[in-house]
Amino acid sequence: MPFSHTKIVGPTGRFGARYGMGIRRKVLQIEVKQRGMHRCPQCRSLVRLKRLAFGIWQCPKCGFTFAGGAYIPQTIMGRTITPEELKAPERQKQVWKESMRQRATE
Ligand SMILES: [Zn+2]
């Protein structure tokens, strides 16, 4: 295909011209992350997690079900309280700063 009609809107193209550009951009950001690869907290394999319900995710490999963010398996807030990262607070602060900077430029 030489020309894509949904290059800018992506999966939110299904909304057509409705709901406004601002909210569609937000939905797009969330949906791209949701469909991406995430690491399973149980078997540590990089998989496309299945979203069972709001904040409930399941690994297709080991069947492990766990609680995460409503639309994203792991949230920035959730990541700040994972035990292994609590051991390195300085590194965590840097990760936090970087992610906030990323958000600001998005
Ligand atoms: Zn797993």
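Residues numbered from 1 in each chain as written. Predicted model: local features only at pLDDT ≥ 70, side-chain atom pairs only at ≥ 80, totals over all residues.

**Description of the overall build of the protein**
When its secondary structure is counted, the protein shows 4 helices and 5 strands. Reading the protein from its N end, one meets helices and strands in the order α-β-β-β-β-β-α-α-α. Considering the protein as a whole, with its 106 residues, one finds that 8% of them fall into the buried category. (Helix = DSSP H or I, 4+ residues; strand = E, 2+ residues; numbered from the N terminus. Buried ≥ 20, exposed ≤ 12 C-beta atoms within 10 Å, placed from the backbone.)

**Remarks on the UniProt feature "binding site: Zn(2+)" (unreviewed entry) in the protein**
The UniProt feature table records "binding site: Zn(2+)" (unreviewed entry) at C40, C43, C59 and C62. Maximum C-alpha separation among the annotated residues is 8.8 Å over a sequence range of 23 residues, consistent with a single clustered spot. Within the secondary structure, C43 is located in the loop between β1 (38–39) and β2 (46–47). Residue C43 is classed as exposed on the basis of its C-beta count, with 12 C-beta atoms lying within 10 Å. Within the secondary structure, C59 is located in the loop between β4 (56–58) and β5 (65–67). Filtering out sequence-adjacent residues up to four positions away, C59 remains in contact with C40, Q42, C43, V47, L49 and F64. (UniProt positions renumbered as here; feature names shortened; annotations may be inferred. Contact = placed C-beta atoms within 7 Å.)

**A look at the sheet that holds β5**
One open sheet holds the 3 strands; their spatial order is β3-β4-β5, and the pairing between them is antiparallel. Only two strands of the sheet have a single partner each, and these edge strands are β3 (50–53) and β5. Neighbour-to-neighbour, the strand axes of the sheet open up by a mean angle of 35°, direction not taken into account. Relative to β5, β4 is paired through 3 bridges, and the arrangement is antiparallel. Its bridge partner lying in β5, Q58 is registered against T65. (Pairing = 2+ DSSP bridges. Axes fitted to C-alpha atoms, helices over the stretch in contact; angles between N-to-C directions.)

**Quick look at unusual backbone geometry**
Even without being glycine, Y19 reaches a positive phi, approximately 70°. Along the polypeptide, Y19 turns up in the segment before α1 (21–35).

**Section: the pairing of β3**
By the bridge criterion, 3 bridges tie β3 to β4 in an arrangement that is antiparallel. Note on β4: the bridge partner recorded for K50 is Q58. What sits between the antiparallel neighbours β3 and β4 is a turn of 2 residues, in which G55 has the positive phi angle 75°.

**Description of the environment of Q74**
By secondary structure assignment, the location of Q74 is in the loop between β5 and α2 (76–79). Looking at Q74, the number of C-beta atoms within 10 Å reads 17, which means it is partly exposed. Counting along the chain gives 35 residues from Q74 to R39, while the straight-line C-alpha distance between them is 9.2 Å.

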